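# Residue-level structure breakdown
Spelled out from the first residue to the last, the chains are:
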Amino acid sequence: MRASAGGEAAGGGGGSLISRVAHVKNALLIFIFKLENEYERLTWPSVLDNFALLSSQLNTINKLLKNEKTPSFRNQVIIPLLLKLTEQRVPVFSHEIVPDYLRTKPDPEVEEQEKQLSVEAARIGPEVAQKQIQTLNKLCSNLLEKLNNPRDDRDSETAAIRQSKPSFNPADTNALVGAVALWEGAL
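Let me sum up the structure you'll find in this document.

About the criteria used
Residues numbered from 1 in each chain as written. Predicted model: local features only at pLDDT ≥ 70, side-chain atom pairs only at ≥ 80, totals over all residues. Heavy atoms only, no water. Helix = DSSP H or I, 4+ residues; strand = E, 2+ residues; numbered from the N terminus. Buried < 20%, exposed > 50% of the residue type's maximum accessible area, 1.4 Å probe, protein only. Contact = heavy atoms within 4.5 Å. Phe/Tyr/Trp six-rings, centres within 6.5 Å; stacked < 30°, edge-to-face > 60°. Axes fitted to C-alpha atoms, helices over the stretch in contact; angles between N-to-C directions. Parallel < 35°, antiparallel > 145°, perpendicular 65-115°, else oblique. Left-handed = near helix turned anticlockwise from the far one by under 90°. Patch = residues over 30% accessible without salt bridge, like charges linked within 9 Å, V, L, I, M, F, W, Y side chains within 5 Å. Areas by Shrake-Rupley, 256 points an atom, 1.4 Å probe, with all protein chains shown as cover. Salt bridge = Lys/Arg side-chain N within 4 Å of Asp/Glu carboxyl O.

Looking now at the overall build of the protein. Counting its secondary structure elements, the protein contains 8 helices and 0 strands. The helix and strand sequence of the protein, counted from the amino end, reads α-α-α-α-α-α-α-α. Across the 187 residues that make up the protein, the buried fraction comes to 10%. A fraction of 43% describes how many contacts in the protein between residues 6 or more apart in sequence connect residues 24 or more apart.

See below:
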């Protein structure tokens, strides 16, 4: 009862916001079903069409929420208390999982690894660090050059192969051609 009243107020009558959210939810469920069960038949254009549909629906909801007639939802708290509402993605909203959802700093293990990397970086002298940076920059620029100019490298490799010794014996080739085409020397 409360959700429909909020939806009617939000949509300006008729529960427009709730119906649009339901459309997004249905489109998302259909897309997830296709990804999980029909992935063999999915083509890239159909995946892009699904993303475009979802994007347009979300943009419509965004415009609806930014409308002047829509009441502000900034001071309202939304808590998924029921497993049914979140389709078993959020089993409980308890003290155990709230910190994970609201965390603004990394896990303690990640924080410890970051500290170790910082200590290791501090141990390296500025000259060594500068050398490593220059080496890395040189490697990256060489790699980018090769990626940007693959045809030049390929052409030079092809020319080098053409100028090298032939990898076949012309006499053997002629003998094979004669044996196959003219039955020479087959007996």
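A few words now on the packing of aromatic side chains. The description of an aromatic ring pair uses the distance of the two centres, along with the angle that the planes make with each other. Within this structure, the stated rule accounts for 1 aromatic pair. Between Phe 31 and Phe 51, the ring centres sit 5.2 Å apart and the planes meet at 70°, which makes this aromatic pair edge-to-face. Of this pair, Phe 31 sits in helix α2 (residues 16–37) while Phe 51 sits in helix α3 (residues 44–66), placing them 20 residues apart in sequence. Phe 51 sits in the partly exposed class, given a relative accessible area of 46%.

At a closest axis distance of 10 Å, the pairing of α2 and α3 adopts a crossing angle of 160°. Overall, the two elements α2 and α3 adopt an arrangement that is roughly antiparallel. For α2 against α3, the interelement crossing comes out left-handed. Contacts between α2 and α3 pair Ser 16, Leu 17, Arg 20, Val 21, His 23, Val 24, Ala 27, Leu 28, Phe 31 and Lys 34 from the former with Val 47, Asn 50, Phe 51, Leu 53, Leu 54, Gln 57, Leu 58, Thr 60, Ile 61, Leu 64 and Leu 65 from the latter.

Attention now goes to a nonpolar patch on the surface. Side chains of Trp 44, Leu 48 and Phe 51 sit close together on the surface and give an oily, nonpolar patch of about 360 Å² of accessible area. Checked against the element boundaries, Leu 48 lands in helix α3.

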